[in-house]
Amino acid sequence: MRRKRYVEESASHDRWLISYADFITLLFAFFVVLFASAYRDKHAIIRVSHAIHNGFETLGVFAGGSDKAAIAYAGLPVNSPDAPPGRETSPGNSAAQGIPTADLLELRRQLEAAMGAELKSHEIEISVTPEGFVVSLKELGFFDSGQAELLPGAAEKIKRIAKILMQHDLELRVEGHSDNQPIHNQQFRSNWELSTARAMAVLLPLVDNAGYDPRKISVAGYGQYRPVASDATPEGRRMNRRVDLVVLGAAPLKAAVHP
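Small disclaimer: the values here were computed from a predicted structure and weren't measured.

Draft legend 1. Examining helix H9 (residues 191–209) more closely. Here H9 is 19 residues long and its end C-alpha atoms lie 27 Å apart, about the 27 Å a rise of 1.5 Å per residue gives. Among all positions in H9, only Asn191, Leu194, Ser195, Arg198, Ala199, Ala201, Val202, Leu203, Pro205 and Leu206 are buried. Looking at the packing, one finds that the buried side of H9 touches strand S2 (132–138), helix H7 (139–142), helix H8 (154–166), strand S3 (172–177), strand S4 (217–221) and strand S5 (242–247). Backbone geometry just downstream of H9 places glycine 211 in the positive-phi region, at approximately 80°.

Structure representation (structure tokens):
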């Protein structure tokens, strides 16, 4: 009888409620964490993003790429304390790597004075893009079609440009570009090789003849994959065959001098 009474007193059909309550508590905590994660401090995230961006920029990953910074800080008000330095959009600054507009205007004025004839003949073009201040050397005045050897007198033109750029202590990237017409000759198997060889052909007089600091210069070959015009027309293909001298603006320009 004692055994029977013990069994009857120990039987319980509500023990599942304990596990169920634990499960509901954990589920509630899970959704609270999700809610908190969705509404955590936006500025804290921005500060972390800023630190990561600066770290990669120091390593050179974002060199010349101002669009990446804009993506990292999208939605911030102008001149926000959390915005990265050099991204203000005030009239005194340029979109080209934070170089002051007055300095870019002075640099452009000097180049136009030194290269006036080449600008008129469209052998050279000057522009400001998100990549930086760009001096485009067109195929017309520097290379024969499908070749990477400089035309007579081209090295002297490059030297004149280099002397002006060197006055401002600027970082420079030499970029080779081509149109989309296939090339396959004894020298080059593709437009990749042609564009890179042309960039190297421009770099050598910059360093060897003009004395440009090799620590402040780099080379890239993009083939036909970064056009500035449509390859569907002869005029567009002509514009795409170029070597760009891209001023990265890693060092500040001197103050503009006005007459």
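Draft legend 2. Examining the pattern of salt bridges more closely. Taken as a whole and assessed by the stated rule, the structure comprises 14 salt bridges. Its salt-bridge partner being arginine 198, residue glutamate 139 comes within 2.8 Å of it at the nearest N-O pair. Of this pair, glutamate 139 sits in helix H7 while arginine 198 is found in helix H9, placing the two residues 59 residues apart along the sequence. Glutamate 139 gets classed as buried once you look at its relative accessible area, which sits at 9%. Looking at arginine 198, the relative accessible area reads 2%, which means it is buried. Among the salt bridges present, the one from aspartate 179 reaches arginine 241, with a minimum N-O distance of 2.7 Å. One end of the pair, aspartate 179, is in the loop between S3 and H9; the other, arginine 241, is in the loop between helix H10 (234–240) and S5, with 62 residues separating them in the sequence. A cluster of three or more residues bridged by salt bridges with shared partners is formed by Glu139, Asp179, Arg198 and Arg241.

Rules used throughout
- Along each chain, the written sequence defines residue order, and numbers are assigned to residues from 1.
- At least 70 in pLDDT is required for a residue's local features to be given in this predicted model, at least 80 for side-chain atom pairs to be given and counted, and no such filter applies to totals for whole chains, interfaces and linings, which use all residues.
- Heavy atoms from the whole structure form the basis of all side-chain values; hydrogens and water molecules are not counted.
- Each helix is a run of DSSP H or I of at least 4 residues and each strand a run of E of at least 2, with the numbering of both proceeding from the N terminus.
- Each helix should span, by expectation, one fewer than its residue count multiplied by 1.5 Å.
- Exposed residues in this analysis have more than 50% of their type's maximum accessible area, buried residues have under 20%, and partly exposed residues fall in between, with area computed by a 1.4 Å probe over protein chains only.
- Note on definitions: a residue-residue contact is assigned when non-hydrogen atoms from the two residues lie within 4.5 Å.
- Salt bridges are defined as contacts in which a side-chain nitrogen from Lys or Arg sits within 4 Å of a carboxyl oxygen from Asp or Glu.

Read these as geometric descriptors, not functional statements.
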